Amino acid sequence: MSDTARALMETLNLAKERKSGPSEKDIHSSVGFLWSVGQKVTQKKVVPSRTEASDELSLILAKFNLSSHEKRDADRAIDRLLEAGVWEAIENIPEGPVEAVRLAPNYSEFFDNDPQWAASVVSAVLTRFFPGASERFIDRLDLEEFTRGRLYSALLPQIGEWFSKRLGISAAYGGDGVRGIVRFVDGYVSAISKTSSPYSDKVMQDTGWIAYVGDGLYGDQNLISGNRKMAECQERRIPVRFWRGDGRRGYRFETWTVIVQRRRQWGIGTDGKERKEYVWVLAPVPSPDVESWPRPVLNALDDDMAKFYDETLELESEDVECFAQNELEVGFKGMVERYVFLNSRAVEAERVRRASSATRSIQEYFRSPAARKAVMQRSEGRCENPECLGHPDERAVNGDPMLEVDHVRDLAQGGKDVPVNMIALCPNCHALKTRGENRNDLRKVLVLAARDKHQSLISG
């Protein structure tokens with residue numbers, strides 16, 4: 001990134017951290033900057049007086065509902081641009097001793113000598129402060145010709161760009177060289193994944209969308225720092241750059257994404273302890289241009305409306321621990337009480353999942369922890385296939401049962417993520433159910449087995 005581009009982006013506060021998004025002052029100053037660029041690139045001969053500039057900015061702020069005190073805010077924006085050195089004031093000789101204003105010489109030369117980065121700055125300002133800016137807005141700023149065909153393509157870095165190290169990314173584009181979620185100097189947030197770290201992404205096979213774990217290595221994650229940045233992007237539908245690190249070649253800017261859902265679930269921190277963590281569902285899109293976003297992504301955004309799915313409410317912290325031998329010793333009464341409780345949590349979670357249509361594939365990806373926990377308790381540590389010929393009581397080296405919880409009727413076929421439709425199987429029976437020659441007959445047996453065991457516990 002050129003020094004001039006970086007200085008201009010920093011002066012315009014593109015990367016300024018605010019919980020409520022860009023301030024009105026930054027927006028008003030950005031309008032003034034963009035308008036002066038329009039004057040520059042259209043090579044208008046007359047340098048406007050301060051009064052003329054104020055009148056023009058007032059009209060723009062009013063026309064696009066960017067201020068309720070247009071004249072005052074226009075004058076203040078001019079003062080800030082002059083004070084920051086983005087604009088300069090000169091004596092307008094042809095008109096006599098009248099103060100005129102224009103883009104400062106160093107930035108004027110920047111637009112002449114470095115058009116690629118100049119276009120990137122304009123694109124960043126437009127997309128950061130005015131996402132989805134209309135053609136009328138761009139035309140009113142005299143930027144239509146300048147931005148035509150390159151409003152989004154001018155943004156740097158380009159998709160596919162590689163860096164051998166994180167420090168190379170931060171040196172070129174700003175941001176933190178360590179954290180997984182960073183904001184570049186152009187204001188856009190980047191989510192950086194690495195296959196050997198807690199930030200390793202998981203791709204949802206049916207959609208290609210990405211389940212990205214939030215910021216924070218250990219302890220419960222909170223809505224601060226990188227997670228706060230992601231929440232702002234979700235609320236304002238601002239695209240996020242997604243980077244993938246492969247541990248050998250380095251880091252690659254893989255795709256633009258938009259956040260279609262925010263969840264909180266139980267996970268494991270770097271200290272090996274259970275913790276609550278955020279998961280951001282990222283949908284790849286071709287560019288920041290909303291017009292380029294696929295219809296399924298737009299439907300998911302309309303369905304989402306910045307909702308928050310907190311799966312940690314299904315289980316308390318003491319319920320999250322792995323299934324261990326002591327859970328077999330709670331007695332039948334205690335086991336029934338726990339099963340009924342966990343089943344109710346799973347049924348409620350399923351009701352919430354089924355209420356959504358556009359995000360059904362996401363809901364099916366994130367399985368109910370309460371449902372799995374209930375089935376493991378129901379199994380009492382034994383394979384639930386009544387025809388099991390393997391090792392139904394086999395234990396792992398840590399003493400836990402070697403069981404895998406699966407859906408009798410697959411979710412993709414309309415099955416529900418609730419205990420009555422789930423069964424705990426040893427690895428051999430699980431393989432027979434999935435790939436066995438007689439898997440259809442076995443599934444019929446498992447449907448009855450799961451239903452009978454469920455009913456016996458629910459009925460007390």
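Structure: above.
Residues numbered from 1 in each chain as written. Predicted model: local features only at pLDDT ≥ 70, side-chain atom pairs only at ≥ 80, totals over all residues. Heavy atoms only, no water.

Student: Please explain helix 9 (residues 166–173) as it appears in this structure.
Tutor: Every α-helix winds through 3.6 residues per turn, so residues three or four apart in the chain are directed the same way. Taken as a whole, helix 9 has its buried residues at R166, I169, S170, A172 and Y173. In an axial view of helix 9, the angular spread of the buried residues amounts to 165°, which keeps them on one side of the axis. Across helix 9 from its buried face, at more than 90 degrees, point the exposed residues L167 and A171. Looking one or two residues past helix 9, G174 carries a phi angle of roughly 85°, positive in sign. (Buried < 20%, exposed > 50% of the residue type's maximum accessible area, 1.4 Å probe, protein only. Helix = DSSP H or I, 4+ residues; strand = E, 2+ residues; numbered from the N terminus. Arc of directions from axis to C-beta.)

Student: It is not clear to me how the pattern of salt bridges should be interpreted in this structure. Could you clarify?
Tutor: When charged atoms on two side chains of opposite charge get close, those side chains can pair. Scanning the entire structure with this criterion turns up 24 salt bridges. The salt bridge involving R275 is made with E277; its shortest N-O contact spans 2.7 Å. Between D410 and R443 there is a salt bridge whose closest N-O contact spans 3.9 Å. Of this pair, D410 sits in the loop between strand 12 (404–407) and strand 13 (422–425) while R443 sits in helix 16 (residues 439–458), and the two are 33 residues apart along the sequence. Judged by its relative accessible area of 29%, D410 falls in the partly exposed class. Residue R443 is classed as partly exposed on the basis of its relative accessible area of 23%. One network of salt bridges, in which partners are shared, links R128, R183, E232 and R236. (Salt bridge = Lys/Arg side-chain N within 4 Å of Asp/Glu carboxyl O.)

Student: Where do I start with the packing of helix 3 (residues 50–63) against helix 4 (residues 70–84) in this structure?
Tutor: Angle between the axes and distance between the axes: these two values describe a pair of packed helices. Relative to each other, helix 3 and helix 4 sit at 120°, their axes nearing to 8 Å. Compared by their axis directions, helix 3 and helix 4 come out oblique. Considering the relative orientation of helix 3 and helix 4, their crossing is right-handed. Along its contact with helix 3, which presents R50, A53, S54, D55, L57, S58, L61 and A62, the element helix 4 presents E70, K71, D73, A74, D75, I78, D79 and L82. Classifying every residue of the contact of helix 3 with helix 4 gives seven nonpolar, two polar and seven charged. (Axes fitted to C-alpha atoms, helices over the stretch in contact; angles between N-to-C directions. Parallel < 35°, antiparallel > 145°, perpendicular 65-115°, else oblique. Left-handed = near helix turned anticlockwise from the far one by under 90°. Contact = heavy atoms within 4.5 Å. Nonpolar A, V, L, I, M, F, W, Y, C, P; charged D, E, K, R; others polar.)

Student: Explanation requested: the pairing of strand 8 (residues 240–245) in the structure shown.
Tutor: Remember that side chains alternate between the two faces of the sheet whenever the strand is regular. Within strand 8, five of the six residues are buried, which leaves it mostly tucked inside the rest of the structure. Pairing between strand 5 (residues 189–194) and strand 8: six bridges, direction parallel. Pairing of K194 across the sheet is with G245, part of strand 8. Where strand 8 meets strand 9 (residues 251–268), six bridges bridge the pair, whose relative direction is antiparallel. Within the sheet, the bridge partner assigned to G245 lies in strand 9 and is Y251. Counting the residues between successive antiparallel strands, the hairpin from strand 8 to strand 9 contains five residues, one of them, G247, with a positive phi of roughly 80°. (Pairing = 2+ DSSP bridges.)

Student: Looking at this structure, how should I read the side chain of R264?
Tutor: Locating R264 in the fold gives a position in strand 9. For R264, a relative accessible area of 12% translates into the label buried. A polar atom in the side chain of R264 sits 2.4 Å from the backbone oxygen of Q221. Once residues lying within four places of it in the same chain are set aside, the contact partners of R264 are D220, Q221, N222, K276, E277, Y278, F308, Y309, D310, E311 and T312. (Polar contact = N/O pair within 3.5 Å; in protein donor to acceptor, adjacent residues only side chain to side chain.)

Purely spatial values, then, with no claim about function.
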